[in-house]
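The residues making up each chain are set out below.
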Amino acid sequence: MGSLEEAEPAATEGPGRERAGSMNPYSGRLKSLRAAWLSGKTRPIEYRKKQLEALGRFLDEKKSDLFHALHEDLRKSAFESEISEVAFTKNEVMETLNNLDSWMKDEYMSKNLATKFDCAFIRKDPFGVVLIISPYNYPIGLALIPLVGAIAAGNCVVLKPSEISSSTERVLTEGLPSYLDPETFAVVTGGPEETTKLLENKFDYIFFTGSRNVGKIIMTAAAKHVTPLTLELGGKNPCYVDESCDFQNAANRIVWGKFLNAGQTCVAPDYVICSITTREKLMPCLQKAMHEFYGSNPRESPDFGRLVNNRSFQRVRALLKSGQVAIGGETDESDCYIAPTVLVDVKESEPVMQEEVFGPILPIFTVADLDEAIQFIKRRDPPLAAYAFSSNSKVVNQVLDFTSSGGFCGNDILMHMTLVSLPFGGVGYSGFGKYHGKFTFDTFTHYRASLLRGMGMESLNTLRYPPYANRNLGLLLSATSVRRTGMCTLQ
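Everything numeric in this text was worked out from a predicted model, so none of it was measured.

Caption draft 1: Focus on the domain arrangement of the chain. Domain parsing of the chain yields domain 1 (26-233 + 438-446) and domain 2 (238-430). Taking only C-alpha atoms, the centre of domain 1 and the centre of domain 2 are 30 Å apart. Across the interface of domain 1 and domain 2, roughly 2100 Å² is buried in total on both sides, 54% from carbon and sulfur atoms. Residue D381 pairs with R212 through a salt bridge whose shortest N-O separation is 3.4 Å. If you look at where domain 1 meets domain 2, you find nine residue pairs in polar contact (both at pLDDT 80 or more). Ranked by residues supplied to the side of domain 1 that touches domain 2, first place goes to helix 5 (residues 78-104) with four residues. For the side of domain 1 that touches domain 2, the residue count by class is eight nonpolar, two polar and nine charged.

Next up, the structure:
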């Protein structure tokens, strides 16, 4: 989801702003957050709701500032900023406020005969002081949606927005402390050097969204403190197009999902995989969709974004050397502009098929048939998302059944992401852990196994005490065993 430098997290107020003599420049701030956590301030549901409501007001009252910042950072239109960032995040806030009472309740569990008179339940405990590190490509949603769940779960939070999307970082850094409690929440800023210092501190949970390379660094830092974490990474998301489909509808949806945010979307289709016959039918439909969406000169379209900086531009432009440019291919370094582009005749060994594109380039990789496509996808690391287009539901289900990915969407792109009822997350090299809706609350919650017993009826406990007796063993096993249900054995 970005290069090592771009995805690197950062720091708090800066090394020179902490009191002199501190071994770590951020230990003082984290110490105060931990004191607030230990005081129990974040535990009451009323406090959590108040913070979430304040976050919702921030999104409403600072919307114009956020839109302006997103345009400065990524040339995002207000329409795209609304649907993919602000409204998307606001939905998470509303979903959480609507359901937090039920999410927080103890879950009472089944018991065996030995615990028949006891109370067995799961208590939803906060982890403590958590760290959220977000990337530049969706600098609002990928920062604040995890924050929603962290607050809802009752944690104190350190939020690290990306320094690459600097305008949005500034709005978050300057605005959020006016809405959220500074005793339990902090925004951190900086670059790789500051982040290294920040990660030396102990956190109770780390949530990172970014590149695989930086994810490894975060995981290594977390391991030093045995800190649990979620890694939301990226991957090469395949998009299978079958010979039996409405090609124009498929092209419309693929073009929209691929070139949204100038391709800087971790769940965008990274490549199309199809037969040569299908490719020939799809190509004119892709060209038509691109022309209808962005006009004859996409550079002049107010709805087509830009790569975030020159470093990203240089990396993506180099991928144009793979295969043959069939549509687009124009670039302008001074504007970090790469036109919506389709490549054909790409080889598996070429860079565009070896690394995540993360830009407005769509390679089309050809195979003989569906079986070869599935085998090709299965040979590669599990991606963050997989897509399949076909008018035959059996084909779509075959791709779903025989491949692995963090998420899957049949006959559309990205739309599974709009449902707060579905978990979002990777598998294998595309990351681990999940969030969105209740899954975000669960991610930042320790599910604490709890059993409450009375002090009486001690005679029942003697079965497990020494000196051991075979008769007691049989009774104890009978009282604690789990038996298969619904089975009938004929004698």
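Caption draft 2: Quick peek at the packing of aromatic side chains. In total, this model carries 14 aromatic pairs according to the counting rule given. Ring centres of W103 and F441 lie 5.8 Å apart, and the angle between their planes is 40 degrees; on these two criteria the pair is classed as tilted. Taken together, the positions of W103 in helix 5 and F441 in helix 15 (residues 438-443) put the pair 338 residues apart, joining distant regions of the chain. Judged by its relative accessible area of 6%, W103 is buried. Judged by centre distance (5.0 Å) and plane angle (35 degrees), the rings of F127 and Y205 are tilted. Here the residue F127 occupies a position in the loop between strand 2 (119-126) and strand 3 (129-133), and Y205 occupies one in strand 6 (residues 205-209), the gap between them amounting to 78 residues. Three or more aromatic residues joined by ring pairs form one cluster here, namely F127, Y205, F207, F424, Y435 and F444.

Caption draft 3: Representation of the environment of V316 in the model. Note on placement: V316 falls in helix 12 (residues 310-318). Separated by 207 residues in the primary sequence, V316 and M109 have C-alpha atoms spaced 52 Å apart. Residues in contact with V316, not counting those within four places in the same chain, are L307, I338, V357, F358, G359, P360 and I361.

Caption draft 4: Empty space enclosed by the protein, seen in detail. Throughout the structure, instances matching the rule amount to two cavities of 30 Å³ or more. Its volume calculated, the largest cavity comes out at about 70 Å³. As for the largest cavity, its lining consists of T42, Y47, R48, Q51, I151, N155, V157, T184 and F185. No other element matches the three residues that helix 3 (residues 45-61) contributes to the lining of the largest cavity. Looking at the lining of the largest cavity residue by residue, the classes come out as four nonpolar, four polar and one charged. If you add up the space inside the second largest cavity, you get close to 30 Å³. If you trace the second largest cavity, you find it lined by G235, N237, K258, G263, T265, A268, D270, E356 and F358. When grouped by side-chain class, the residues that make up the lining of the second largest cavity number two nonpolar, four polar and three charged.

Rules and cut-offs
- Residues numbered from 1 in each chain as written.
- Predicted model: local features only at pLDDT ≥ 70, side-chain atom pairs only at ≥ 80, totals over all residues.
- Heavy atoms only, no water.
- Domains from an automatic or database assignment.
- Buried area = accessible area lost by both parts, 1.4 Å probe.
- Salt bridge = Lys/Arg side-chain N within 4 Å of Asp/Glu carboxyl O.
- Polar contact = N/O pair within 3.5 Å; in protein donor to acceptor, adjacent residues only side chain to side chain.
- Helix = DSSP H or I, 4+ residues; strand = E, 2+ residues; numbered from the N terminus.
- Nonpolar A, V, L, I, M, F, W, Y, C, P; charged D, E, K, R; others polar.
- Phe/Tyr/Trp six-rings, centres within 6.5 Å; stacked < 30°, edge-to-face > 60°.
- Buried < 20%, exposed > 50% of the residue type's maximum accessible area, 1.4 Å probe, protein only.
- Contact = heavy atoms within 4.5 Å.
- 1 Å grid on protein atoms, 1.4 Å probe; cavity = no way out; pocket = protein on both sides within 12 Å on 5 of 7 lines; lining within 4 Å.
- Points joined across faces, edges and corners; volume = space filled by probe spheres on them.

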